[in-house]
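Below are the chains, spelled out letter by letter.
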Amino acid sequence: MIVTTSQLFKHAYGKYAVGAYNINNAEQAMGLFKGAISSQAPFIIQISKGARKYTDKKMLEAVIRAADEIFPDAIFAVHLDHGDEETCYDCINSGFYSSVMIDASHDPFDKNVEITKRVTDAAHKKGISVEAELGMLGGVEEDIKVDEGHAMLTDPAEAEDFVKKTGCDSLACAIGTSHGAFKFKGRQSLHFDVLEKIKARMPGFPLVMHGSSSVPKDEVDRINAAGGTIKDSMGVDVNEYLPAAKLGVTKINIDTDGRLVWTRVHREFFRDKPGEFDFRPPGKIFIEEYAKFIASRNVLLGSANQLTDLRKSLGK
Ligand code: G3H
Ligand code: 13P
Ligand code: ZN
């Protein structure tokens with residue numbers, strides 16, 4: 001069942017965070033739905049601009065509609081990840097997405113407000129939720145690269161002003177994370193002080209944490225033992241997910257970790273079976289491994305075993 005992110009956040013706020021997982025193909029979709037059902041967790045499927053272009057936006061839509069039929073108990077939102085204004089309108093008008101992210105965080109404050117407000121007004125007319133972003137994460141996002149020195153934590157007073165002026169439904173805040181597998185050089189911790197200040201100004205308002213992959217060391221070690229060369233990687237400490245949720249983070253974005261699962265499975269498979277060229281056997285292993293990964297993350301986010309209560313509160 002497709003719901004909006006606002007519906008999910010209403011149930012989660014202050015108690016747990018909903019996992020937001022990026023998908024690009026059918027194998028990821030199968031693993032995601034399987035893992036969500038086995039852990040009895042609601043979730044958010046995120047589709048980036050790159051994912052929409054990878055095969056075709058219609059292909060992903062069809063995959064998700066099929067998964068919804070195969071797993072009738074699933075409760076999830078379909079969300080555009082890091083959208084520009086034009087892509088937001090395309091998703092809003094598609095009749096399929098229940099949530100969009102307008103990411104104008106690289107623009108000056110006033111322009112970010114102006115763009116976000118336009119998108120929010122259009123989305124709300126169709127009952128679609130809007131996530132916006134204020135502050136600047138380090139790392140790589142599609143075609144934009146921000147080095148660590150230029151990353152900017154979200155200013156709590158600006159965040160309050162921004163939400164009032166735009167009417168957006170949730171806000172992605174920069175609190176020390178970055179996209180990709182190389183998040184921290186020294187200190188590995190979120191800026192809980194910033195989260196506390198934002199929550200004090202906007203109690204009850206859903207916050208979003210991007211760049212939340214944990215980049216598990218054992219996963220990277222296995223990739224490297226099978227021919228990979230990933231060095232100096234570091235992710236978010238998984239023990240910080242729930243404390244962040246208690247401070248109002250209702251959506252935790254995880255993409256890189258799923259790519260690591262894919263890479264480990266396929267590197268090991270073809271290393272051990274060099275004569276193999278059927279991609280379905282490793283694909284099947286990936287689906288199972290990704291499902292296990294999703295279930296383990298949902299436990300850490302506190303979203304596991306929330307489905308029955310959520311269904312009740314949705315009146316379904
Ligand atoms: O924030 C970026 C997400 O991890 C999506 O990555 O743009 O390569 O699909 P992508
Ligand atoms: P990671 O690169 O940490 O998985 O972050 C993904 C993300 O924020 C998608 O918007
Ligand atoms: Zn992101």
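As the structure is a prediction and not an experimental result, all values here were calculated from the model. (Residues numbered from 1 in each chain as written. Chains lettered and ligands numbered in written order. Predicted model: local features only at pLDDT ≥ 70, side-chain atom pairs only at ≥ 80, totals over all residues. Heavy atoms only, no water.)

Trainee: Even after reading the chapter, I still don't get the pairing of strand 4 (residues 99-102), so can you show me in this structure?
Mentor: Sheet faces and side chains relate simply in a regular strand, where the side chains alternate between the two faces. Residue alternation in strand 4 divides its side chains into two sets, Ser 99 and Met 101 and Val 100 and Ile 102, and both sets are buried. Note that strand 3 (residues 76-83) and strand 4 share three bridges and pair parallel. Counterpart to His 79 in the pairing with strand 4 is Ser 99. As for the winding sense of the linkage, the β-α-β connection from strand 3 through helix 5 (residues 85-94) to strand 4 is right-handed. Relative to strand 5 (residues 129-134), strand 4 is paired through four bridges, and the arrangement is parallel. Counterpart to Val 100 in the pairing with strand 5 is Val 130. Handedness of the crossover is the feature at issue here: the chain leaves strand 4, passes through helix 6 (residues 109-125), returns alongside strand 5, and the resulting connection is right-handed. (Buried < 20%, exposed > 50% of the residue type's maximum accessible area, 1.4 Å probe, protein only. Helix = DSSP H or I, 4+ residues; strand = E, 2+ residues; numbered from the N terminus. Pairing = 2+ DSSP bridges. Right-handed = clockwise from strand over helix to strand, strands pointing away.)

Trainee: Explain the side chain of Asn 298 here, please?
Mentor: Inspection of the secondary structure assignment puts Asn 298 in helix 12 (residues 280-301). Filtering out sequence-adjacent residues up to four positions away, Asn 298 remains in contact with Tyr 21, Gly 35, Ala 36, Ser 39, Ala 41, Ser 303 and Ala 304. (Contact = heavy atoms within 4.5 Å.)

Trainee: Quick question: what am I supposed to make of the site of ligand 2 here?
Mentor: Around ligand 2 lies a shell of 15 residues, among which Asp 81, Lys 183, Ser 213, Asp 255 and Thr 256 are the nearest. At 3.1 Å, a side-chain N or O of Asn 253 approaches an oxygen atom of ligand 2. Within the side chain of Thr 256, an N or O atom sits 2.6 Å from an oxygen atom of ligand 2. Relative to its unbound accessible surface of 310 Å², ligand 2 loses 96% to contact with the protein. (Near = heavy atom within 4 Å. Polar contact = N/O pair within 3.5 Å; in protein donor to acceptor, adjacent residues only side chain to side chain. Areas by Shrake-Rupley, 256 points an atom, 1.4 Å probe, with all protein chains shown as cover.)

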